[in-house]
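Topology and contacts: notes
Okay, here's what each chain looks like letter by letter:
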Amino acid sequence: MPRTATDVPAEFRVLGPVGVARAGASVRLSAGRTQTVLAMLLLEAGRAVSFQRLIAALWQDDPPNTARSQVQICVSALRRLLTGTGAAILTEPPGYLLRIPDGSLDLWRFRELCVTAESLAGQRADEAAVHYREALALWRGDACASVASHIVGQAAIQLNEERWTALERRMALELQLGRHQQVVAELAQLVAAEPFRERLRALLMLALYRCGRQADALEAYRSGRRLLTEEIGTDPGRELRALEQAILIGAPSLDVQSLVSPEVPGDAVAAVLLLRQLPASAPDFAGRDEGIDPGPGLQQPHAELLPAAAPVAPAEPAGPLLPRPAQLPADIADFTGRGTHVDYLRETLTRPALAGGPGAVRIAVVAGTAGIGKTTLAVHVAHQVRHLFPDGQLYADLSGAAAESASPGEVLARFLRDLGVDGGKIPVGDAERAALYRTRLTGRRVLIVLDDAKDAAQVRPLLPGSASCAVLLTTRNRTPYLVSTGFVDLTTLSEGEAAELFSQIVGGARPAAEPEATAEILGACAGLPLAIRICAGRLARRGQWQIATMAARLRDERHRLDELQVGDLEVRASFQVSYDSLHPGRHRVDPARAFRVLGLWPGQRIWLPTAAALIGEREVDVADALEVLVDAHLLESPEPDWYGFHDLLRLFAAERAQAEEPEEARRAAVARLLQWYLRMAVTAADILAPERYRVPLDEPPPPSLLLSSAEAALAWYDSQRAGVIAAIRQAAAAGMHDIAWRLATALFPLLNRRASWTDCITAHRIAVNSARVAGSRQGEAWALQNLGSGLAVIGDMEALVRLEEALAIRREIGDSAGEARTWVTLSQAYYLLQGPEVAVRHSRRGVEALRQGGDPALLGNALNNHGMYCLDLGRVGEAGACLREALGIWRTMGGQGHGHIVEGLGRVHMKSGRPDEAIASFTEAYRLHVASGDLLGQAGTLKYLGQALRDAGHEDRARESLAAALELFEKLQAGAEVAAIRAALTPIAQ
């Protein structure tokens with residue numbers, strides 16, 4: 001975010017006690033909950049942390065009823081703390097996102113220094129050691145040491161492990177540089193602190209030996225062995241045993257001067273060099289001295305004695321040189337982004353040992369949808385590590401998504417020929433070919449790249465049997481049955497990466513000259529590398545085009561896929577291959593049909609029950625088909641039972657629906673979906689407002705079993721907020737106007753509870769027009785009233801016009817009950833737009849009319865409103881009488897407004913100089929608002945509670961209440977309230 005001239009950049013710390021420093025001085029941060037929330041946000045900086053996860057971090061499985069509000073209070077406190085630092089905490093569903101300047105978090109700097117050190121270790125060990133020392137100097141104790149939280153503690157364990165790994169790698173480099181004298185004491189301290197880390201113990205043994213302390217080196221081994229035996233019941237690992245035996249015989253290769261092998265980058269693995277010199281059957285010196293079996297470590301070398309070593313294979317037997325295939329496709333010069341994935345894949349392919357043992361083959365899998373850049377990434381990584389596989393690189397396109405994928409047997413035959421097997425000696429059977437292939441690769445350092453794999457069954461015969469080899473494969477399908485040591489589920493490029501790729505292809509000057517058009521193109525491409533390459537490639541070949549020309553061609557979604565093609569690159573064709581690979585198989589719902597029918601839904605995300613309604617099948621069967629699409633990367637599943645398309649895949653699915661689904665089937669599917677939304681909205685509204693005035697329906701939809709409580713109804717709305725607006729738009733666009741206005745008006749209680757006034761106005765403008773097209777005067781009046789209510793809240797004078805129109809229609813059609821409700825809403829609008837003096841005249845008329853005959857629950861609401869207007873005018877006695885009468889009606893009849901009535905009585909107590917009674921009333925009102933899900937009511941009550949607490953002299957509690965109110969008003973985008981509460985907080989904060 002942009003900084004101001006008064007900003008003072010902050011340093012954020014998790015490598016030790018959690019904290020913030022400005023200008024080198026620590027900022028005072030209260031311990032407890034606020035520090036825990038800060039730790040959670042820092043550990044996930046740049047990503048949203050959900051309320052549920054924050055609550056779990058604070059209270060684990062036993063949160064209080066006020067947990068959400070207390071989290072909001074903590075966040076408000078942190079926001080004040082971060083003012084002027086260039087950092088910000090954003091409200092981003094499902095929780096909060098902390099945005100901090102680049103380089104301001106000590107964890108980021110630590111990792112960046114470690115990555116740099118690792119890249120330098122092979123050629124410039126001295127510089128690498130310096131970077132490791134700088135990285136480790138950032139630590140001030142155990143990670144997040146000041147936070148007592150189980151969730152934070154689990155993250156801290158992983159961070160502390162990164163620290164120990166960096167320590168080990170730094171010590172290995174120091175020994176490689178001959179600094180054993182300088183580090184031997186430090187190594188002894190580290191081993192004492194972490195006695196079970198065998199790698200550290202190996203480093204200490206080597207340092208002691210080089211210092212001329214052979215006996216101490218052997219004692220370090222024996223004390224470690226005793227500890228392992230007594231505490232864990234196991235023996236030291238083979239590498240440690242091998243090093244002990246090398247020290248026993250004083251092997252010359254353990255000396256610094258002997259470390260000259262070019263095959264072991266960062267050559268601190270002296271024992272490997274020693275083992276190459278030992279005979280196949282070692283002398284029984286170990287038996288003489290210790291009475292133990294030399295173990296398998298003497299029979300074959302192993303490269304995992306110390307960190308940062310590349311794969312090491314046994315020396316090849318004497319004989320003719322074998323072919324060294326070099327089959328990698330060319331790398332691309334404009335490879336952009338994916339830095340984290342590149343580092344992860346490189347580490348996976350080159351790490352020297354595996355948890356599965358010395359025979360476990362390193363396998364890295366890159367999965368992702370069509371056009372996401374899987375092959376480009378794999379080829380780029382393969383070129384970066386090819387020097388570590390000097391015996392060759394094999395490559396095969398397995399065409400897994402094509403109608404006829406490559407046969408493993410045919411690929412094996414080619415690989416065998418490439419590895420020097422005479423064509424006439426290649427076995428006929430696939431199993432025999434696979435066996436010969438594994439034999440041929442044993443002990444050789446070969447990288448095998450398998451592009452576009454279909455599934456695990458196609459890949460397994462092509463896997464080598466030797467740990468000296470590594471496999472890098474790409475697939476459009478997730479392959480859960482293939483055991484791998486690394487898995488990358490490739491997603492779209494970030495905004496920055498997409499812009500960088502586009503600029504590299506087009507040329508930096510043109511995008512800079514047309515930033516808005518460039519942003520529009522990148523938005524249309526939605527981060528898909530193939531689409532970005534196509535657009536940029538077309539522009540690069542058409543220097544006379546402006547970028548705006550390309551942006552305009554992409555603007556029409558109906559023809560966007562037509563534009564995304566250049567040469568042999570085409571987004572639609574890439575998607576088509578994946579789509580054509582779908583087959584019904586054993587699935588009750590054809591995944592291909594599910595894919596195209598989902599294309600009829602214009603929303604961004606869809607819930608499983610919603611999808612089942614659209615497709616017209618049982619949820620369990622639809623879920624099975626959708627998971628097939630997720631595995632094929634044709635659909636995304638951001639959380640259980642929720643699904644969504646990449647934007648361009650959604651257009652492709654819509655094309656397939658238009659081409660393959662009959663018009664009658666398409667319309668029936670949309671009707672099922674919209675009826676489902678209407679049924680859910682009516683059920684939710686009935687739960688939240690059982691006494692509400694209902695618009696007559698020809699055939700009321702049956703209640704939904706998915707909703708059974710107010711909490712469930714509001715949770716449904718919260719999750720479907722964008723979906724219901726999309727459904728109203730779709731109903732109107734499809735000519736289903738009767739559903740459009742009914743759905744909008746049924747939603748009003750939910751829109752009101754969540755203060756979703758922008759959505760309310762959008763939905764009811766559509767509803768007014770649809771009711772008019774459908775010829776429903778009742779629907780038109782109801783939609784106009786709800787529209788006026790929403791407009792009044794945002795301060796738009798149009799509200800009065802719309803409410804007068806609704807009132808006229810109510811009178812015209814003889815709807816006396818509706819007319820009374822419109823009067824109440826009109827008085828509220830006058831109050832919001834013109835003040836209490838105007839509003840009280842209208843509200844008095846409404847109260848008098850309702851007392852003569854009408855709905856008692858509506859009378860209670862009217863009395864509550866009239867009491868509030870009187871209170872604002874200073875008529876405290878009249879206000880109290882109205883509110884007590886309203887409360888009596890509520891206790892008799894029930895209905896909406898209980899929390900608001902109790903809140904109003906609290907204000908009466910406060911105006912009457914009774915702060916303790918006011919505090920009690922506001923506390924009860926807040927509880928009622930929480931139970932009903934009324935966010936605006938919660939915010940207002942917390943504001944008044946803070947004022948009452950201040951009047952009673954409870955400054956700390958007042959600050960907490962006002963901060964929580966501020967958080968809610970910010971969420972509701974209530975600008976005037978936000979400004980007022982900030983002003984009220986200022987003297988308290990000082």
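The structure under discussion appears in the preceding block.
The notes below deal with the structure included here. Just so it is clear, the model here is predicted, and its values are computed rather than measured.

Calculation criteria
Residues numbered from 1 in each chain as written. Predicted model: local features only at pLDDT ≥ 70, side-chain atom pairs only at ≥ 80, totals over all residues. Heavy atoms only, no water. Patch = residues over 30% accessible without salt bridge, like charges linked within 9 Å, V, L, I, M, F, W, Y side chains within 5 Å. Areas by Shrake-Rupley, 256 points an atom, 1.4 Å probe, with all protein chains shown as cover. Salt bridge = Lys/Arg side-chain N within 4 Å of Asp/Glu carboxyl O. Helix = DSSP H or I, 4+ residues; strand = E, 2+ residues; numbered from the N terminus. Buried < 20%, exposed > 50% of the residue type's maximum accessible area, 1.4 Å probe, protein only. Pairing = 2+ DSSP bridges. Axes fitted to C-alpha atoms, helices over the stretch in contact; angles between N-to-C directions. Left-handed = near helix turned anticlockwise from the far one by under 90°. Contact = heavy atoms within 4.5 Å. Nonpolar A, V, L, I, M, F, W, Y, C, P; charged D, E, K, R; others polar. Parallel < 35°, antiparallel > 145°, perpendicular 65-115°, else oblique. 1 Å grid on protein atoms, 1.4 Å probe; cavity = no way out; pocket = protein on both sides within 12 Å on 5 of 7 lines; lining within 4 Å. Points joined across faces, edges and corners; volume = space filled by probe spheres on them. Core = buried A, V, L, I, M, F, W, Y, C linked by side-chain atoms within 4.5 Å. Expected span 1.5 Å × (residues − 1). Phe/Tyr/Trp six-rings, centres within 6.5 Å; stacked < 30°, edge-to-face > 60°. Lys NZ or Arg CZ within 6 Å of the ring centre and 35° of its normal. Lys, Arg positive; Asp, Glu negative; His and termini not counted. Charge placed at Lys NZ, Arg CZ, Asp CG, Glu CD.

1. Examining a nonpolar patch on the surface
Together, Val-793, Ile-794 and Leu-832 line one region of the surface with nonpolar side chains, adding up to about 250 Å² of accessible area. Considering the arrangement of structural elements, one finds Leu-832 in helix H36 (residues 816-834). Owing to a relative accessible area of 46%, Leu-832 belongs among the partly exposed residues under this scheme.

2. What about the sheet that holds strand E7 (residues 362-367)?
The strand order E8-E9-E10-E7-E11 describes an open sheet built from five strands, whose pairing is parallel. Where the open sheet ends on each side, the last strands, each with one partner, are strand E8 (393-397) and strand E11 (486-489). Strand-to-strand twist across the sheet, computed as the mean angle between neighbouring axes with direction ignored, equals 10°. Two elements, E8 and strand E9 (residues 447-453), share five bridges in a ladder whose sense is parallel.

3. Some remarks on unusual backbone geometry
A positive phi angle is found at Cys-144, which is not glycine, with a value near 50°. Phi at Ala-526 is positive, roughly 55°, even though this residue is not glycine. Relative to the helices and strands, Ala-526 resides in the loop between helix H20 (515-525) and helix H21 (529-541).

4. Here's the deal with the packing of helix H7 (residues 180-193) against helix H8 (residues 198-210)
When two helices pack together, their arrangement is given by the angle between their axes and by how far apart the axes lie. The N-to-C vectors of H7 and H8 enclose an angle of 145°; their axes lie 9 Å apart at closest approach. The handedness of the crossing between H7 and H8 comes out as left-handed. Contacts between H7 and H8 pair His-180, Val-184, Leu-187, Ala-188, Leu-190 and Val-191 from the former with Leu-200, Arg-201, Leu-203, Leu-204, Ala-207, Leu-208 and Arg-210 from the latter. Split into classes, the residues belonging to the contact of H7 with H8 amount to ten nonpolar, one polar and two charged.

5. With respect to the packing of helix H6 (residues 150-176) against H8
Two numbers describe how H6 lies on H8: the axes approach to 10 Å, and their chain directions differ by 20°. Relative to H8, H6 is oriented roughly parallel. In the packing of H6 onto H8, the handedness of the crossing is left-handed. Contacts between H6 and H8 involve Trp-164, Glu-168, Met-171, Ala-172, Leu-175 and Gln-176 from the first element and Arg-199, Leu-200, Leu-203, Leu-206, Ala-207 and Arg-210 from the second. Taken together, the residues of the contact of H6 with H8 sort by class into eight nonpolar, one polar and three charged.

6. Focus: empty space enclosed by the protein
Counting across every chain of the model gives six cavities of 30 Å³ or more. Estimates place the volume of the largest cavity at around 90 Å³. The wall of the largest cavity is formed by Leu-598, Trp-601, Gly-603, Gln-604, Arg-605, Ile-606, Leu-635, Tyr-643, Gly-644, Phe-645, Asp-647 and Arg-650. Secondary structure elements with two or more residues in the lining of the largest cavity: strand E14 (605-607), strand E16 (642-644) and helix H28 (647-660).

7. A short note on the nonpolar core
In this structure, Ile-521, Val-571, Leu-626 and Trp-716 are the most contacted members of the largest nonpolar core, which totals 191 residues. With 13 residues, helix H29 (residues 663-688) is the single largest residue contributor to this core. Among residues more than four places away in sequence, those in contact with Leu-626 are Ala-594, Leu-598, Leu-608, Ala-611, Leu-635 and Tyr-643. Listed in part, the 89 residues of the second largest apolar core include Phe-51, Ala-125, Tyr-132 and Ala-202.

8. Quick look at helix H34 (residues 777-793)
Helix length check: H34 (17 residues) gives 25 Å between terminal C-alpha atoms against 24 Å at 1.5 Å per residue, within 8%. Burial of H34 is extensive: 15 of the 17 residues sit out of reach of the surface. Gly-795 sits one or two positions beyond H34 and adopts a positive phi of about 85°.

9. Points about the pairing of E11
Look at any regular strand and the pattern is simple: side chains alternate between the two faces of the sheet. Burial along E11 is one-sided: the face carrying Gly-486 and Val-488 is buried and the face carrying Phe-487 and Asp-489 is not. Bridge count for E7 against E11 is four bridges, and the pairing is parallel. Bridged to Val-365 within E11 is Phe-487.

10. Concerning the pairing of E7
For E7, the buried fraction is high: six of the six residues fall into the buried class. Neither face of E7 is exposed, since Arg-362, Ala-364 and Val-366 on one face and Ile-363, Val-365 and Ala-367 on the opposite face are all buried. Bridge count for E7 against strand E10 (residues 470-475) is six bridges, and the pairing is parallel. Note that in E10 the partner of Val-366 across the bridge is Thr-474.

11. Some thoughts on the packing of aromatic side chains
Applying the stated rule across the entire model yields 15 aromatic pairs. Consider the rings of Phe-51 and Tyr-96, whose centres lie 5.1 Å apart with planes at 65°: the pair is edge-to-face. Of this pair, Phe-51 sits in helix H2 (residues 51-59) while Tyr-96 is found in strand E6 (residues 95-99), placing the two residues 45 residues apart along the sequence. Accessibility classification places Phe-51 together with Tyr-96 in one group, the buried group. One aromatic cluster is present, formed by Trp-601, Trp-607, Trp-642, Trp-676, Tyr-677 and Trp-716 through successive ring pairs. Over the ring of Phe-51 we find Arg-68; its NZ or CZ atom is 3.8 Å from the centre of that ring.

12. Details of the environment of Leu-412
Residue position: Leu-412 is located in helix H15 (residues 408-418). Separated by 24 residues in the primary sequence, Leu-412 and Leu-436 place their C-alpha atoms 9.3 Å from one another. Beyond its immediate chain neighbours, meaning those up to four positions away, Leu-412 contacts Asp-430, Arg-433, Ala-434, Tyr-437, Pro-461 and Leu-462.

13. As for the environment of Trp-139
For Trp-139, the position within the fold is in the loop between helix H5 (125-137) and H6. Through-space distance from the C-alpha of Trp-139 to that of Pro-17 is 9.5 Å; in sequence the pair is 122 residues apart.

14. Topic: the sheet that holds E6
To summarise the sheet geometry, strands pair through backbone hydrogen bonds and adopt either a parallel or an antiparallel arrangement. If you trace the three strands from one edge of the open sheet to the other, you get E4-E6-E5, paired in antiparallel fashion. Two strands in the sheet have a free side with no partner beyond their single neighbour: strand E4 (48-50) and strand E5 (88-92). The average undirected angle you get between the axes of adjacent strands in this sheet is 30°. With three bridges connecting them, E4 and E6 associate as antiparallel partners. The partner of Val-49 across the bridge, within E6, is Tyr-96. Packed on one face of the sheet, helix H1 (residues 33-43) meets E4, E5 and E6 and runs near 70° to E6. H2 contacts E4 and E6 of the sheet and is inclined by roughly 65° relative to E4.

15. A closer look at a negative patch on the surface
Taken together, Glu-619, Glu-627, Asp-631 and Asp-641 make up a surface patch of like negative charges. Take Asp-631: it is sitting in helix H27 (residues 619-631). The exposure class of Asp-631 is partly exposed, given its relative accessible area of 33%.

16. So, H27
For H27, spanning 13 residues, the distance from its first C-alpha to its last is 18 Å, which sits close to the expected 18 Å at 1.5 Å a residue. Listing the buried residues of H27 in full gives Asp-621, Val-622, Ala-623, Ala-625, Leu-626, Leu-629 and Val-630. Close packing links the buried residues of H27 with helix H25 (591-598), helix H26 (608-615), strand E15 (636-639) and E16. Positive phi shows up at His-633, right after H27, with a value of about 60°.

In short, geometric facts, not functional conclusions.
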